[in-house]
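# Residue-level structure breakdown
Chain by chain, the residues:
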Amino acid sequence: MSTTTTIVTSGDRTVRRSSRRVEPIYYLFLLPTLLLFTLAITLPGVIGIFFSFTDSIGIGDWSFNGLTNYIAVFSDPAILQSYLFTFGFSIATVIVVNIVAFLLAVGLTSRIRFKTGLRTVFVIPMVISGIIIAYVFNFLFSNSLPAAGAATGIPWLETSLLANPDLAWVAIVIVTAWQAVPGTLLIYIAGLLSVPGEVYEAASIDGATKTQQLTRITVPLVAGYVVINIILGFKGFLNAYDIIVGLTNGGPGTSTRSVAMTIIAGFNGGDYAYQMANATIFFIVAILISLLQLSMTRGRNAL
């Protein structure tokens, strides 16, 4: 990038105006990524939206049917249930992940022994595949915990959470949070380490307790990082798929079927155009949520 300075004389004043000109070579470096993004994401998305106005099953002949798919989506109780589950699960998981990650970050940035090694231990779940984690916890919930409940005489442990339509979502939240906490933890650690130590020293001199320092200094100063984790977490949990498949496969019944599972199941079952309309609606909802979050946080929680 080159900078050019233009001198403008107006009466007795001389004004210097600087303008930056982008070198063409930067656009050349940008072109491959832009091309791949267009071919892999933008073009398939546009094609999918086009077919959402048809009766296509994914192959063969098709014809336009207007807004029929969209009208049917809004009156389909199975799809409405998947939206309710997805948003409820996302909100619950965001709360659990951020509370646990923040408390761990506070502990791992305090003056304790082996904190570097402990940080390594706590980030291990982040590098393990979600489907593998789901299968391991599936075994624990279906076999180990019921066996422990039977051995100790605890009735509510004798039955697997995954078989209970009212409590299966709790197991999904636990497992999802177990994998998501490390990434959130790293962001909180970065935020806590960016707070100047002099602030805490001054607070200690003024007689502030550790709890007061946490609530009145740490939390306000890392508020921007809290916003980042909430936004990133909520967006990620809306697309939940692999852990749910490995734990419950949407069951019992359809009580834990997410929007992503509903869409993919429709693709495999010949409801291509119908579920593409569902995917388009879900895409619009995600955009509206993003715009709402940005409008609520712009200018107030900047890092």
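Now for a look at the structure at hand. This is a predicted model, so every value here is computed, not measured. (Residues numbered from 1 in each chain as written. Predicted model: local features only at pLDDT ≥ 70, side-chain atom pairs only at ≥ 80, totals over all residues. Heavy atoms only, no water.)

With that settled, the discussion passes to the overall build of the protein. The number of helices and strands found in the protein is twelve helices and two strands. Here the protein has a C-alpha radius of gyration of 26 Å; the compact-globule value for 303 residues is 19 Å, and the former is much larger. If you line up the protein on its principal axes, its C-alpha atoms span 85 × 65 × 30 Å. Evaluated residue by residue, the protein yields a buried proportion of 32% over its 303 residues. (Helix = DSSP H or I, 4+ residues; strand = E, 2+ residues; numbered from the N terminus. Rg over C-alpha atoms; globule rule 2.2 N^0.38 Å. Buried < 20%, exposed > 50% of the residue type's maximum accessible area, 1.4 Å probe, protein only.)

At a minimum axis separation of 6 Å, helix H3 (residues 77-108) and helix H6 (residues 168-193) run at an interaxial angle of 45 degrees. The angle between H3 and H6 places the two elements in the oblique class. The interaxial crossing formed by H3 with H6 has right-handed handedness. Tallied by class, the residues present in the contact of H3 with H6 amount to 22 nonpolar, four polar and no charged. (Axes fitted to C-alpha atoms, helices over the stretch in contact; angles between N-to-C directions. Parallel < 35°, antiparallel > 145°, perpendicular 65-115°, else oblique. Left-handed = near helix turned anticlockwise from the far one by under 90°. Nonpolar A, V, L, I, M, F, W, Y, C, P; charged D, E, K, R; others polar.)

Let us now look at the packing of H3 against helix H9 (residues 223-238). Their axes nearest at 9 Å, the elements H3 and H9 cross at an angle of 145 degrees. Both H3 and H9 take part in a crossing whose hand is right-handed. The segment H3 lies against H9, with Thr-86, Phe-87, Phe-89, Ser-90, Ile-91, Thr-93, Val-94, Val-97 and Asn-98 engaging Val-226, Asn-229, Ile-230, Gly-233, Phe-234, Phe-237 and Leu-238. For the contact of H3 with H9, a count of residues per class yields ten nonpolar, six polar and no charged. (Contact = heavy atoms within 4.5 Å.)

Given a rise of 1.5 Å per residue, 26 residues ought to cover 38 Å, and the 37 Å separating the end C-alpha atoms of H6 matches this to within 8%. A bend of about 40 degrees at Ala-180 is the largest found in H6, and the proline Pro-182 appears one to four places after it. (Expected span 1.5 Å × (residues − 1). Bend = angle between axes of the 7 residues up to and from the residue.)

This brings us to the nonpolar core. Counting 46 residues, the largest nonpolar core has Phe-89, Phe-141, Val-175 and Leu-247 as the members making the most contacts within it. For this core, the secondary structure elements donating two or more residues are helix H2 (68-74), H3, helix H5 (130-152), H6, H9, helix H10 (242-247), helix H11 (259-268) and helix H12 (272-297). The biggest single contributor to this core is H6, with eleven residues. Not counting the four nearest positions on each side in its chain, Val-175 is found in contact with Ile-133, Phe-137, Phe-141, Ile-243 and Leu-247. (Core = buried A, V, L, I, M, F, W, Y, C linked by side-chain atoms within 4.5 Å.)

Roughly 610 Å³ of internal volume is contained in the largest pocket. Surrounding the largest pocket, 16 residues form its lining, Thr-109, Ser-110, Tyr-200, Lys-210 and Gln-213 being those nearest its centre. Contributions of two or more residues to the lining of the largest pocket are made by H6, helix H7 (197-205) and helix H8 (210-221). A breakdown of the residues in the lining of the largest pocket according to their chemical character gives six nonpolar, six polar and four charged. Size it by volume and the second largest pocket reaches roughly 330 Å³. If you trace the second largest pocket, you find it lined by Lys-235, Leu-238, Asn-239, Ala-260, Ile-263, Ile-264, Phe-267, Ala-279, Phe-282, Phe-283 and Ala-286. Of all the secondary structure elements, the ones that give two or more residues to the lining of the second largest pocket are H9, H11 and H12. By residue class, the composition of the lining of the second largest pocket is nine nonpolar, one polar and one charged. (1 Å grid on protein atoms, 1.4 Å probe; cavity = no way out; pocket = protein on both sides within 12 Å on 5 of 7 lines; lining within 4 Å. Points joined across faces, edges and corners; volume = space filled by probe spheres on them.)

The next subject is the side chain of Asn-278. Within the secondary structure layout, Asn-278 lies in helix H12. Classification of Asn-278 as buried rests on a relative accessible area of 0%. Beyond its immediate chain neighbours, meaning those up to four positions away, Asn-278 contacts Val-73, Ile-79, Tyr-83, Val-259, Thr-262 and Ile-263.

A word on a nonpolar patch on the surface. On the surface, Val-22, Ile-25, Tyr-26, Tyr-27, Leu-28, Phe-29, Leu-30, Leu-31 and Leu-34 cluster together to form a nonpolar patch covering roughly 920 Å² of accessible area. By secondary structure assignment, the location of Leu-30 is in helix H1 (residues 24-51). (Patch = residues over 30% accessible without salt bridge, like charges linked within 9 Å, V, L, I, M, F, W, Y side chains within 5 Å. Areas by Shrake-Rupley, 256 points an atom, 1.4 Å probe, with all protein chains shown as cover. Salt bridge = Lys/Arg side-chain N within 4 Å of Asp/Glu carboxyl O.)

Another aspect to go through is the packing of aromatic side chains. Tallying each qualifying case throughout the model produces 16 aromatic pairs. With a centroid separation of 6.5 Å and 20 degrees between ring planes, the pair formed by Tyr-83 and Phe-87 is classed as stacked. On the criterion of helical spacing, the pair formed by Tyr-83 and Phe-87 is a turn pair, its members being four residues apart in helix H3. By relative accessible area, Tyr-83 is classed as buried at 13%. Between Phe-267 and Tyr-272, the aromatic rings sit 5.5 Å apart at their centres with planes inclined by 40 degrees, giving tilted as the arrangement. Judged by relative accessible area, which is 30%, Phe-267 ranks as partly exposed. Three or more aromatic residues joined by ring pairs form one cluster here, namely Phe-50, Phe-51, Trp-62, Phe-64, Phe-267 and Tyr-272. (Phe/Tyr/Trp six-rings, centres within 6.5 Å; stacked < 30°, edge-to-face > 60°.)

Any link to function would need more than the numbers given here.
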